[in-house]
Amino acid sequence: QVQLVQSGTEVKKPGSSVKVSCKASGDIFTSYTFSWVRQTSGQGLEWMGRIIPISDVANYAPDFQDRVTITADKDTTTAYMELNRLRFDDTAVYYCARGPVGANNWFDSWGQGTLVTVSS
Amino acid sequence: EILMTQSPATLSVSPGERATLSCWASQGVSSDLAWYQQKPGQPPRLLIYDASTRATGIPPRFSGNGSGREFTLTISSLQSEDFAVYYCQQYHNWPPFTFGPGTKVDI
């Protein structure tokens, strides 16, 4: 039974950075991709990007390309998402989500979510 | 970017009734479409992928249909635990993978 456990709530100031972690257990880490999806009340669900741990290749959504970095540590089976130059409208719940390796990416397991609040 | 739309925004039904939710893509996505259920305070849960394949553990009252630009999710007989928000997601043309705005199913 796969489990994705994310790091805790963050409160950040505009212009700063946040790094959220996602610890995977219960299955072979390198057999999957790990995406980051955020949820805001105004924008619904937004896919930000993904990492393929077996190759360390990351793909990003154009809207986040210049501000987000997604990485993975195979030794600790943990994926990370770092978002830079935070703005007030980055306030959201950030989820990690597991998908199959390959182009077709649905998400069959999700972390519990991490609330990131951007406030001055 | 492929835009996803869903209708209705809210669907009011009674337990035991049938519910049909619709999802449209701004361009064809073949059968590269998934459906998710989300309850308050919880992450989304995968119901359907490849437009019509139920995910592991999903009861048969949930069924998906469609290809190209038009898709439906049908819940044959609503149970109390089915009242939630439902999202569609395309994975045909990316980046980015894109989600619809959701349909809330309530009593």
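Thresholds, definitions, all that
- Residues numbered from 1 in each chain as written.
- Chains lettered and ligands numbered in written order.
- Predicted model: local features only at pLDDT ≥ 70, side-chain atom pairs only at ≥ 80, totals over all residues.
- Heavy atoms only, no water.
- Helix = DSSP H or I, 4+ residues; strand = E, 2+ residues; numbered from the N terminus.
- Rg over C-alpha atoms; globule rule 2.2 N^0.38 Å.
- Contact = heavy atoms within 4.5 Å.
- 1 Å grid on protein atoms, 1.4 Å probe; cavity = no way out; pocket = protein on both sides within 12 Å on 5 of 7 lines; lining within 4 Å.
- Points joined across faces, edges and corners; volume = space filled by probe spheres on them.
- Nonpolar A, V, L, I, M, F, W, Y, C, P; charged D, E, K, R; others polar.
- Phe/Tyr/Trp six-rings, centres within 6.5 Å; stacked < 30°, edge-to-face > 60°.
- Buried < 20%, exposed > 50% of the residue type's maximum accessible area, 1.4 Å probe, protein only.

What about the overall build of chain B?
Here is step 1: Broken down by element type, chain B carries zero helices and 11 strands.
Here is step 2: The N-to-C order of helical and strand elements in chain B reads β-β-β-β-β-β-β-β-β-β-β.
Here is step 3: Taken against the 2.2 N^0.38 rule, which gives 13 Å for 107 residues, the C-alpha radius of gyration of chain B at 13 Å falls within 12% of a compact globule.
Here is step 4: Considering only contacts in chain B between residues 6 or more positions apart, those separated by 24 or more positions represent 56%.

Thoughts on the layout of surface pockets
Here is step 1: Taken as a whole, the largest pocket encloses approximately 550 Å³ of empty space.
Here is step 2: In this structure, the largest pocket is lined by 21 residues; those nearest its centre are Gln1, Val2, Asp108, Ser109 and Trp110 of chain A.
Here is step 3: Of all elements in the fold, only β1 (3-6) and β10 (109-110) of chain A together with β5 (45-49) of chain B reach the threshold of two or more residues within the lining of the largest pocket.
Here is step 4: Top element by residues in the lining of the largest pocket is β5 of chain B. It accounts for three residues.
Here is step 5: Along the lines of polarity and charge, the residues of the lining of the largest pocket split into nine nonpolar, seven polar and five charged.
Here is step 6: Put simply, the second largest pocket is a space of about 360 Å³.
Here is step 7: What lines the second largest pocket is a set of 21 residues, and nearest its centre among them are Gln43, Leu45 and Glu46 of chain A together with Glu1 and Phe99 of chain B.
Here is step 8: Taken together, the elements giving at least two residues each to the lining of the second largest pocket come down to β5 (44-52) of chain A together with β10 (98-99) of chain B.
Here is step 9: The element contributing the most residues to the lining of the second largest pocket is β5 of chain A, with four residues.
Here is step 10: Here the lining of the second largest pocket is built from residues that sort into 12 nonpolar, six polar and three charged.

So, the packing of aromatic side chains
Here is step 1: One pass over the full model with this rule turns up 13 aromatic pairs over all chains.
Here is step 2: On the basis of an interplanar angle of 85 degrees and a centroid distance of 5.9 Å, the ring pair of Phe107 of chain A and Trp110 of chain A is categorised as edge-to-face. Of the two residues examined, Phe107 of chain A and Trp110 of chain A, each falls in the buried class.
Here is step 3: Ring geometry for Phe62 of chain B versus Tyr86 of chain B: centroids 6.5 Å apart, planes at 35 degrees, classification tilted. Placement of the pair is Phe62 of chain B in strand β7 (residues 62-67) and Tyr86 of chain B in strand β9 (residues 85-90), with a sequence separation of 24 residues.

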